[in-house]
Amino acid sequence: MARNVLVTGGGTGIGYAIAQHFAEQGETVFVTGRRTGPLKEAADRIGARAVVCDHTDPEALARLLTELPESVDVLVNNAGGNTDFDTGAASDLASYARDFRANLDANLVSAALTTKALEERLAAGGAVVHIGSIAGNRGGGSYGAAKAGLATWNIDLAGALGARGITANVVAPGYIADTEFFRDRLTDERRTQLVTETAVGRPGSPADVAGAVAFLASPAARHITGQVLHVNGGAHPTR
Ligand code: NDP
């Protein structure tokens, strides 16, 4: 029977590749995002259902629940990104607080709220997978702190969901090329450096991340929970 899969931020990049993978397996896929147009176009391409939702907003999450089935087998908390890319260095403490909190909200609080909202709907034997980052192990300011927090918080989540046979894990990608995350934001020099750091000599692709998520959501991974799976081409996750 087809599983119900929710991929947050599933209209672009890594989330889209994850949603596409599950859709191709015949699962019933729901994708979310804040921008209606690109989200609906992406959903239509893969036969998924689009629901506009800001995952940092509890009221939007309450509305999301009305669009989802009573039982959700797989939740992929992928929505996020480094909100500090565009804000730059804060000039005063109030701006610093705002920017720091924005990254925690976008990458950590959003996943916690979404999981909390869906907790009762998660099907026995299901899976929750959060998209972390190599930045959670090697720095990266408030963004890295938020991604590191995902891994720690997830240990408790795995404990809470374990009795229902639900696993909870983090997939931590390294440098994944060709998504909006890094587009127009990296110098050629920095790109080369990120590739040089890998053992395989190339950036990852969104499909590489999708493969890891699919594995963690499969019966083959039913005894794996509370873990972080690094998908970074052998880039050392510490400085
Ligand atoms: P994208 O910018 O393409 O994907 C981010 C997606 O999340 C977008 O679809 C965006 O849609 C959505 N999103 C962001 N914030 C929210 C929100 N508050 N509510 C709902 N949707 C939201 O980049 P990637 O695919 O690269 O990033 C996906 C995940 O992978 C992120 O969590 C990122 O931190 C992580 N990651 C990426 C790496 C990379 O190298 N690319 C490396 C390590 C981790 P919209 O703007 O319409 O809301």
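Rules and cut-offs
- Each chain carries its own residue numbering, running from 1 in the direction its sequence is written.
- Only residues with pLDDT of at least 70 are given local features in this predicted model, and only at 80 or more are side-chain atom pairs given and counted; all residues enter the totals for whole chains, interfaces and linings.
- Strands are runs of DSSP state E lasting at least two residues, helices are runs of H or I lasting at least four, and both sets are numbered from the N terminus onward.
- Our radius of gyration looks at C-alpha atoms and nothing else; its globule reference is 2.2 Å times the residue count to the power 0.38.
- Exposed residues have 12 or fewer other C-beta atoms within 10 Å of their own C-beta, buried residues have 20 or more, and partly exposed residues fall in between, where C-beta atoms are placed from the backbone.
- Here, residue contact means that the backbone-derived C-beta atoms of the two residues sit within 7 Å.
- Pairing between strands requires that DSSP locate at least two bridges from one strand to the other.
- Being near a molecule or strand means, for a residue, that its C-beta atom, positioned from the backbone, comes within 6 Å of it.
- Under this grouping Gly is polar, as are all residues other than the nonpolar Ala, Val, Leu, Ile, Met, Phe, Trp, Tyr, Cys and Pro and the charged Asp, Glu, Lys and Arg.
- Fitting a line to C-alpha atoms yields each axis, with helices limited to the stretch in contact; the angle taken between N-to-C directions then spans 0 to 180 degrees.
- By this rule the span expected of a helix is its residue count minus one, scaled by 1.5 Å.
- Two axes enter the definition of the bend at a residue: one is fitted to the seven residues ending there, the other to the seven starting there, and the bend is the angle between them.
- As used here, a nonpolar core is made of buried Ala, Val, Leu, Ile, Met, Phe, Trp, Tyr and Cys residues. They are joined through C-beta atoms within 7 Å.
- Our angle categories are set so that under 35 degrees counts as roughly parallel, over 145 as roughly antiparallel, 65 to 115 as roughly perpendicular, and the remainder as oblique.
- Helix crossings fall into two classes, left-handed where the near helix is turned counterclockwise from the far one by less than a right angle and right-handed where it is turned clockwise.

**Notes on the overall build of the protein chain**
Part 1 of the reasoning: What the protein chain contains, in helices and strands, is nine helices and seven strands.
Part 2 of the reasoning: By the compact-globule yardstick of 18 Å for 239 residues, the protein chain fits well, its C-alpha radius of gyration being 17 Å.
Part 3 of the reasoning: Out of the 239 residues in the protein chain, the part that is buried amounts to 44%.
Part 4 of the reasoning: Residue pairs at least 24 apart in sequence account for 71% of intrachain contacts in the protein chain once pairs closer than 6 positions are excluded.

**Some words on the pairing of strand S5 (residues 122–131)**
Part 1 of the reasoning: Most of S5 is tucked away, with seven of its ten residues classed as buried.
Part 2 of the reasoning: As judged from the five bridges shared by strand S4 (residues 72–77) and S5, these two strands associate in the parallel manner. Considered in S5, the bridge of Asn77 is made with His130.
Part 3 of the reasoning: Looking at chain direction, S5 and strand S6 (residues 167–173) are connected through five bridges and run parallel. Within S6, the position partnered with Ala127 by the bridge is Thr167.

**Here's the deal with the site of the ligand**
Part 1 of the reasoning: Close contacts around the ligand come from 30 residues, with Gly9, Gly13, Arg34, Gly80 and Phe181 the closest.
Part 2 of the reasoning: Taken together, the elements giving at least two residues each to the shell around the ligand come down to helix H1 (13–24), strand S2 (28–33) and helix H5 (93–118).
Part 3 of the reasoning: In the shell around the ligand, the residues fall into ten nonpolar, 16 polar and four charged.

**Structural notes on the sheet that holds strand S7 (residues 228–231)**
Part 1 of the reasoning: A sheet is described by the order of its strands in space; here seven strands give the open sequence S3-S2-S1-S4-S5-S6-S7, paired in parallel fashion. Every other strand in the sheet has two partners, leaving strand S3 (49–52) and S7 as the edge strands with one partner each. With direction set aside, neighbouring strand axes in the sheet form an average angle of 20 degrees.
Part 2 of the reasoning: Two strands pair when backbone bridges link them, and strand S1 (residues 4–7) and S4 are joined in this way by three bridges, in the parallel orientation. Bridge pairing in S4 places Leu6 opposite Leu75.
Part 3 of the reasoning: Docked against the sheet, H1 engages S1, S2, S4, S5 and S6, running at close to 165 degrees with respect to S2.
Part 4 of the reasoning: Sheet contacts for helix H9 (residues 206–216): S4, S5, S6 and S7; angle to S6, the most-contacted strand, approximately 165 degrees.

**Observations regarding H5**
Part 1 of the reasoning: Taking 1.5 Å of rise per residue, 26 residues should cover 38 Å, and H5 covers 35 Å from first to last C-alpha, within 8% of that figure.
Part 2 of the reasoning: Its axis deflected by about 45 degrees at Asp105, H5 carries its strongest bend there.
Part 3 of the reasoning: Of the positions making up H5, those classed as buried are Asn103, Ala106, Asn107, Leu108, Ser110, Ala111, Thr114 and Thr115.

**Things to note about the nonpolar core**
Part 1 of the reasoning: Within the largest apolar cluster, 57 residues are counted, with the highest numbers of intra-cluster contacts made by Ile18, Val31, Val171, Val209 and Val213.
Part 2 of the reasoning: For this core, the leading source of residues is H1, giving seven residues.
Part 3 of the reasoning: Not counting chain neighbours up to four residues away, the residues in contact with Val31 comprise Val7, Gly10, Gly11, Gly15, Ala19, Leu39, Ala42, Ala43, Ala48 and Ala50.

**So, the packing of H5 against helix H7 (residues 141–162)**
Part 1 of the reasoning: Axis separation between H5 and H7 bottoms out at 8 Å; the angle between their running directions is 25 degrees. Taken together, H5 and H7 sit at an angle that is classed as roughly parallel. Like other packed secondary-structure pairs, H5 and H7 cross with a definite hand, here right-handed. Together, Asp99, Phe100, Asn103, Leu104, Asn107, Leu108, Ala111, Ala112 and Thr115 of H5 and Ser142, Tyr143, Ala146, Lys147, Gly149, Leu150, Trp153 and Leu157 of H7 make up the contact between the two elements.
Part 2 of the reasoning: Class assignment for the residues of the contact of H5 with H7 results in ten nonpolar, five polar and two charged.

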